[in-house]
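Survey of secondary and tertiary structure
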Amino acid sequence: MQRAQYLMNAKDYAINADDIFVLPEAVVKIKQLIDDEKASMYEIAEIINYDPAIMSQVLKISNSALYKFPNTITTVSKAIQVIGTRSVYDLVLAYGIANAFKSLETDVIDLERFWERGVSCGLLAKYFAEELGIKEPERLFVCGLLHNLGELVVVKLNPDIARTSSAINADIRPLELELANLGFSYAEITVELMKLWGLPVDIYQPIKRTHPSLEEALSREDQILQLSYVLSVNNVFNEHYAIHAQFNSQTYECLGLELEQVDNALDFTNLQLISAMALFSPSSFSMY
């Protein structure tokens, strides 16, 4: 495949996007409070409560099938107590970033399928993290959900390239088109944008290593995201790819997993996908 002439690098795209897509103020304030070790749980809850949309989303997610708590959680303070401060921040971050892109209306790509792919990757990553006892599995959910955010940046800034890069088929996978048309992956734009936003390094570091053909995994979190990425592409674009395409046993055995557990993760993801899409796809935010 012939490569195009590259006019912008990943950082260029991120810098331009930073002027267009803005995080909600509450997300920024919560990050500042979390960084301040003296801040209390109640101060964080107060910030969330001042933003009705974020407050509603935190309570909705806390009471969703993602957690299956026996009792209804009715306050943000209780959600923080039960889920944990960092986990609540990760979920607020996921909502805030998705919300920043909700005004993007385009026929360049299938936006519903874009978010389906992100949610699928996030659910898979969270499932594997829980199976393996990884602390704060919500962090891996956020990594999976947002790993491909760079695609929306390109949709906004260079729609022709985005359109060409979405023309996948059984012989060409998404990453091949991204490299051919951009010279780098959408994940690299995501990482640069997250750096500009001042997001935690443990969110964007695994995203930097999403693609095993480009970056070697350096941690179990990296390995989880790499496995989840391949599975989510196969799962969402199942008209093109077999479910076990593009990965071998080493991909999951390095995590101590068996193929049956991988298939169980896919079954879980497909059962949860519709309800999770209702929580995290921007099309569901229109009421706010």
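In the block above lies the structure referred to throughout.
Summarised in this report is the structure supplied together with it. Since the model is a prediction, treat every value here as computed from it, not as a measurement. (Residues numbered from 1 in each chain as written. Predicted model: local features only at pLDDT ≥ 70, side-chain atom pairs only at ≥ 80, totals over all residues. Heavy atoms only, no water.)

1. Things to note about the overall build of the chain
Tallying secondary structure elements over the chain gives 16 helices and zero strands in all. Computed over its C-alpha atoms, the radius of gyration of the chain comes to 18 Å, within 12% of the 19 Å expected for a compact globule of 288 residues. Counting across all 288 residues of the chain, residues that qualify as buried make up 54%. Taking as baseline every contact in the chain between residues at least 6 positions apart, the subset at least 24 positions apart corresponds to 72%. (Helix = DSSP H or I, 4+ residues; strand = E, 2+ residues; numbered from the N terminus. Rg over C-alpha atoms; globule rule 2.2 N^0.38 Å. Buried < 20%, exposed > 50% of the residue type's maximum accessible area, 1.4 Å probe, protein only. Contact = heavy atoms within 4.5 Å.)

2. Points about the side chain of Asn 235
Looking at the element boundaries, Asn 235 is found in helix H14 (residues 220–236). For Asn 235, a relative accessible area of 10% translates into the label buried. Among the polar contacts listed, one links the side chain of Asn 235 to the side chain of Asn 270, at a separation of 2.8 Å. The residues contacting Asn 235, other than those within four sequence positions of it, are Ser 120, Ile 243, Leu 266, Thr 269 and Asn 270. (Polar contact = N/O pair within 3.5 Å; in protein donor to acceptor, adjacent residues only side chain to side chain.)

3. As for the packing of helix H9 (residues 150–157) against helix H12 (residues 186–196)
The geometry of H9 relative to H12 is characterised by a closest axis approach of 7 Å and an angle of 95° between their N-to-C directions. Compared by their axis directions, H9 and H12 come out roughly perpendicular. Here Gly 150, Glu 151, Val 153 and Val 154 of H9 lie close against H12, whose contacting residues are Tyr 186, Ile 189, Thr 190 and Leu 193. Residues belonging to the contact of H9 with H12 are distributed by class as follows: five nonpolar, two polar and one charged. (Axes fitted to C-alpha atoms, helices over the stretch in contact; angles between N-to-C directions. Parallel < 35°, antiparallel > 145°, perpendicular 65-115°, else oblique. Nonpolar A, V, L, I, M, F, W, Y, C, P; charged D, E, K, R; others polar.)

4. Brief notes about the nonpolar core
Side chains that are nonpolar tend, in soluble globular proteins, to be buried together. Membership of the largest hydrophobic core comes to 77 residues, with the highest contact counts inside it found for Ile 48, Ile 97, Phe 101, Trp 115, Leu 149, Trp 197 and Phe 280. If we ignore the near neighbours within four places in the chain, the residues touching Phe 101 are Phe 21, Leu 149, Leu 152, Val 153, Leu 193 and Trp 197. Judged by nonpolar contacts, the second largest core, of 28 residues, contains Ile 168, Leu 177, Tyr 229 and Phe 247. (Core = buried A, V, L, I, M, F, W, Y, C linked by side-chain atoms within 4.5 Å.)

5. Concerning the packing of aromatic side chains
Scanning the entire structure with this criterion turns up eight aromatic pairs. When the ring of Tyr 127 is compared with that of Phe 128, the centres are 6.1 Å apart and the planes differ by 85°; the resulting orientation is edge-to-face. Both residues of the pair, Tyr 127 and Phe 128, count as buried. Following the ring pairs from residue to residue traces out a cluster consisting of Tyr 127, Phe 128 and Phe 268. The residue whose ring lies beneath Arg 173 is Tyr 241, and the NZ or CZ to ring-centre distance is 4.4 Å. (Phe/Tyr/Trp six-rings, centres within 6.5 Å; stacked < 30°, edge-to-face > 60°. Lys NZ or Arg CZ within 6 Å of the ring centre and 35° of its normal.)

6. Digging into the packing of helix H7 (residues 111–131) against H14
Their axes nearest at 8 Å, the elements H7 and H14 cross at an angle of 140°. By the angle class used here, H7 and H14 are oblique. Note that H7 runs across H14; the crossing there is right-handed. Contacts between H7 and H14 involve Arg 113, Glu 116, Arg 117, Ser 120, Cys 121, Leu 124, Ala 125, Phe 128 and Ala 129 from the first element and Ile 224, Leu 225, Leu 227, Ser 228, Tyr 229, Leu 231, Ser 232, Val 233, Asn 235 and Val 236 from the second. Of the residues assigned to the contact of H7 with H14, the class counts are 12 nonpolar, four polar and three charged. (Left-handed = near helix turned anticlockwise from the far one by under 90°.)

7. Some words on H14
With 17 residues, H14 extends 24 Å between its outermost C-alpha atoms, agreeing within 8% with the 24 Å of an ideal straight helix rising 1.5 Å per residue. Most of H14 sits inside the fold, with 15 of its 17 residues counted as buried. (Expected span 1.5 Å × (residues − 1).)

8. A look at a negative patch on the surface
Taken together, the side chains of Asp 36, Glu 37, Glu 43 and Glu 46 make up a negatively charged region of the molecular surface. Of note, Glu 46 is situated in helix H3 (residues 41–49). (Patch = residues over 30% accessible without salt bridge, like charges linked within 9 Å, V, L, I, M, F, W, Y side chains within 5 Å. Areas by Shrake-Rupley, 256 points an atom, 1.4 Å probe, with all protein chains shown as cover. Salt bridge = Lys/Arg side-chain N within 4 Å of Asp/Glu carboxyl O. Lys, Arg positive; Asp, Glu negative; His and termini not counted. Charge placed at Lys NZ, Arg CZ, Asp CG, Glu CD.)

9. Regarding unusual backbone geometry
For Glu 136, which is not glycine, the phi dihedral falls at a positive 55°. Tracing the backbone shows Glu 136 in the loop between H7 and helix H8 (137–146). Residue Glu 136 is classed as partly exposed on the basis of its relative accessible area, which comes to 23%. Positioned with a positive phi, Gln 246 is a non-glycine residue whose angle comes to about 70°. You can call Gln 246 exposed: its relative accessible area is 58%.

10. Considering the pattern of salt bridges
In this structure the tally under the stated criterion is 11 salt bridges. Note that Arg 86 and Asp 90 form a salt bridge whose closest N and O atoms lie 2.8 Å from each other. Taken together, the residues Arg 86 and Asp 90, both in helix H6 (residues 85–100) and four residues apart, mark about one turn of the helix. Accessibility expressed as a relative area gives 0% for Asp 90, which makes it buried. Between Lys 126 and Glu 130 there is a salt bridge; the shortest N-O distance is 2.6 Å. A residue pair is termed a helical-turn pair when its members lie 3 or 4 positions apart in one helix, as Lys 126 and Glu 130 do in helix H7 at four residues. Look at Lys 126 and you get buried, because its relative accessible area is 6%. The exposure class assigned to Glu 130 is partly exposed, which follows from its relative accessible area of 43%. Residues joined in a network through salt bridges with shared partners are Arg 86, Asp 90, Arg 139, Asp 202 and Glu 221.

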